[in-house]
Amino acid sequence: MRTRVLAGNWKMNFGPAEALAYFTELEKQLNARAPSAPPSQVAACRVIFPPAYALGPEIQKAAARAHVKLGAQNLHWEEKGAFTGELSGATLKSIGIEWVLIAHSERRQFFGETDETAAKRLSRALTLKLSVIYCVGETLAEREAGLTEAVLARQLDAFLSVLRGKLPAGPAILSLAYEPVWAIGTGKTATPDQAQQAHAFLRKKTAVSLGADDAGRLPLLYGGSVTAENAAALLAKSDIDGVLVGGASLKPDQFARILET
Ligand code: 13P
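S.K.: Give a description of unusual backbone geometry that names residues and reports values.
M.R.: Unlike most non-glycine residues, lysine 11 shows phi in positive territory, near 55 degrees. Tracing the chain through its elements places lysine 11 in the loop between strand S1 (5-9) and helix H1 (16-33). In this structure, alanine 103 takes a positive phi of about 65 degrees despite not being glycine. Within the secondary structure, alanine 103 is located in the loop between strand S4 (99-102) and helix H4 (105-110). Overall, alanine 103 belongs to the buried group, its relative accessible area being 1%.

S.K.: Which residues make up the site of the ligand, and what values go with them?
M.R.: Residues in contact with the ligand amount to 14 residues; listed here are only the nearest, Lys11, His104, Gly185, Ser225 and Gly247. At 2.8 Å, a side-chain N or O of histidine 104 approaches an oxygen atom of the ligand. For the ligand, the accessible surface in isolation is 310 Å², of which the surrounding protein chains cover 95%.

S.K.: Mind laying out the layout of surface pockets, listing which residues take part and the relevant values?
M.R.: Size it by volume and the largest pocket reaches roughly 490 Å³. Lining the largest pocket are 18 residues, with Lys11, Gln73, Asn74, Arg107 and Phe111 sitting closest to its centre. The element contributing the most residues to the lining of the largest pocket is H4, with three residues. Here the lining of the largest pocket is built from residues that sort into nine nonpolar, five polar and four charged.

S.K.: Summarise the packing of aromatic side chains; cite the residues concerned and give the values.
M.R.: Applying the stated criterion across every chain yields a total of eight aromatic pairs. Geometrically, the ring pair formed by phenylalanine 110 and phenylalanine 111 is edge-to-face, given 6.4 Å between the ring centres and 85 degrees between the ring planes. The pair formed by phenylalanine 110 and phenylalanine 111 is uniform in burial state, with each residue classed as exposed. Aromatic rings pair up to connect Trp10, Phe14, Tyr22 and Phe23 into one cluster.

S.K.: Please set out helix H7 (residues 148-163) residue by residue, giving values where relevant.
M.R.: The terminal C-alpha atoms of H7, which comprises 16 residues, lie 23 Å apart, in line with the 22 Å expected from a rise of 1.5 Å per residue. Looking at H7, one finds that the buried residues are Thr148, Val151, Leu152, Ala153, Gln155, Leu156, Ala158, Phe159, Leu160, Val162 and Leu163. Contact partners of the buried residues in H7: H4, helix H5 (115-127), strand S5 (131-136), helix H6 (140-144), strand S6 (174-178) and helix H8 (192-210). Just downstream of H7 lies arginine 164, where phi reads positive at about 50 degrees.

S.K.: Hey, could you go over the sheet that holds strand S2 (residues 45-49) for me, with residue numbers and the actual values?
M.R.: Taken in spatial order, the eight strands of this closed barrel run S1-S2-S3-S4-S5-S6-S7-S8, and their pairing is parallel. The mean inter-strand angle of the sheet, taken between neighbouring strand axes irrespective of direction, is 25 degrees. Sheet analysis places S4 next to S5, joined by four bridges and oriented parallel. Of the residues in S5, the one forming a bridge with valine 100 is valine 132. Its contacts with the sheet put H5 on S4, S5 and S6, and the angle it makes with S5 is roughly 165 degrees.

S.K.: Help me get a handle on the environment of valine 68, residues and values and all.
M.R.: Secondary-structure assignment places valine 68 in the loop between helix H2 (57-65) and strand S3 (69-72). Spatially, the C-alpha atoms of valine 68 and alanine 7 are 9.0 Å apart, while their sequence positions differ by 61 residues. Non-local contacts of valine 68, meaning those with residues more than four positions away in its chain, are made with Phe23, Leu26, Arg46, Val47, Ile48 and Ala63.

S.K.: Go over the side chain of threonine 117, please, and point to the residues and values.
M.R.: Structurally, the position occupied by threonine 117 is in helix H5. Residue classification places threonine 117 among the buried positions, given a relative accessible area of 17%. Discounting residues that sit within four places of it in the chain, threonine 117 has contacts with Trp77 and Gly112.

S.K.: Talk me through the pattern of salt bridges; I want residue IDs and the actual numbers.
M.R.: Charged atoms that come close allow side chains of opposite charge to pair. Using the criterion set out here, one finds 18 salt bridges in the structure. A salt bridge links aspartate 193 to lysine 237; the nearest nitrogen and oxygen atoms lie 2.7 Å apart. Of the two residues, aspartate 193 is situated in helix H8 and lysine 237 in the loop between helix H10 (231-235) and strand S8 (242-245); the sequence distance between them amounts to 44 residues. Among the ionic pairs, aspartate 214 bridges to arginine 217, the shortest N-O distance being 2.8 Å. With a gap of three residues between them, aspartate 214 and arginine 217 both fall in helix H9 (residues 212-217), about one helical turn apart. A residue is classified by how much of its surface remains accessible, and aspartate 214, at 10% relative accessible area, is buried. Within the structure, one salt-bridge network assembled from shared partners comprises Arg2, Arg203, Asp239 and Asp241.

Conventions adopted
Residues numbered from 1 in each chain as written. Predicted model: local features only at pLDDT ≥ 70, side-chain atom pairs only at ≥ 80, totals over all residues. Heavy atoms only, no water. Helix = DSSP H or I, 4+ residues; strand = E, 2+ residues; numbered from the N terminus. Buried < 20%, exposed > 50% of the residue type's maximum accessible area, 1.4 Å probe, protein only. Near = heavy atom within 4 Å. Polar contact = N/O pair within 3.5 Å; in protein donor to acceptor, adjacent residues only side chain to side chain. Areas by Shrake-Rupley, 256 points an atom, 1.4 Å probe, with all protein chains shown as cover. 1 Å grid on protein atoms, 1.4 Å probe; cavity = no way out; pocket = protein on both sides within 12 Å on 5 of 7 lines; lining within 4 Å. Points joined across faces, edges and corners; volume = space filled by probe spheres on them. Nonpolar A, V, L, I, M, F, W, Y, C, P; charged D, E, K, R; others polar. Phe/Tyr/Trp six-rings, centres within 6.5 Å; stacked < 30°, edge-to-face > 60°. Expected span 1.5 Å × (residues − 1). Contact = heavy atoms within 4.5 Å. Pairing = 2+ DSSP bridges. Axes fitted to C-alpha atoms, helices over the stretch in contact; angles between N-to-C directions. Salt bridge = Lys/Arg side-chain N within 4 Å of Asp/Glu carboxyl O.

See below:
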């Protein structure tokens, strides 16, 4: 059994006021759709990653009313110090944040994130027992050059090197997101079969390092132009355990429909 993770990454969109309005609307949308569903039926982990200035207690409470947790889009590998522009995992935890996103392709593409720095961030997150979505994925040029599996294998090795042969125990959830760069923000979703193929590869390779049981427990999310229209077909695939949604997570009605899926 794997935990389902349904997540939204707002990237650099929305401030605190917009975030509050969003969660109020999301709660309304969800109540209108399933007025009698008790919280116990909200089986999946539902997480939104807003910009850091929208992680405060008031917004956490508004999100909780829609049974959504908030997560940070990054964390640094040191606890504190001279690291301008970075976020401390320990401080995130102290303000009630339990989820972090690591190695998003936009961090890799635009901000010099490497497999090595991403692995260091993961190591810190695991030490702090934070729940994690760790991203991997190939660019269009890499796919066209037939390098998809080689790139995924390299990125996955960095992730696995931190685990030292075992999934961490405990209630925190460690998950991996396959986000092909060519599908992000382009409207060109990977087909369910393409995504399943990449996920099956990630699962198989993970099993070599962690064993079949732990690999079988690792939630694998797909991200890249996920919408309310295509989420169900993706989630129906055997190795797709969740979604990481960008653009469509900015619209409460779209995200509510994805959560319903
Ligand atoms: P889009 O859903 O906008 O393609 O973004 C995906 C993504 O990068 C989520 O992290």
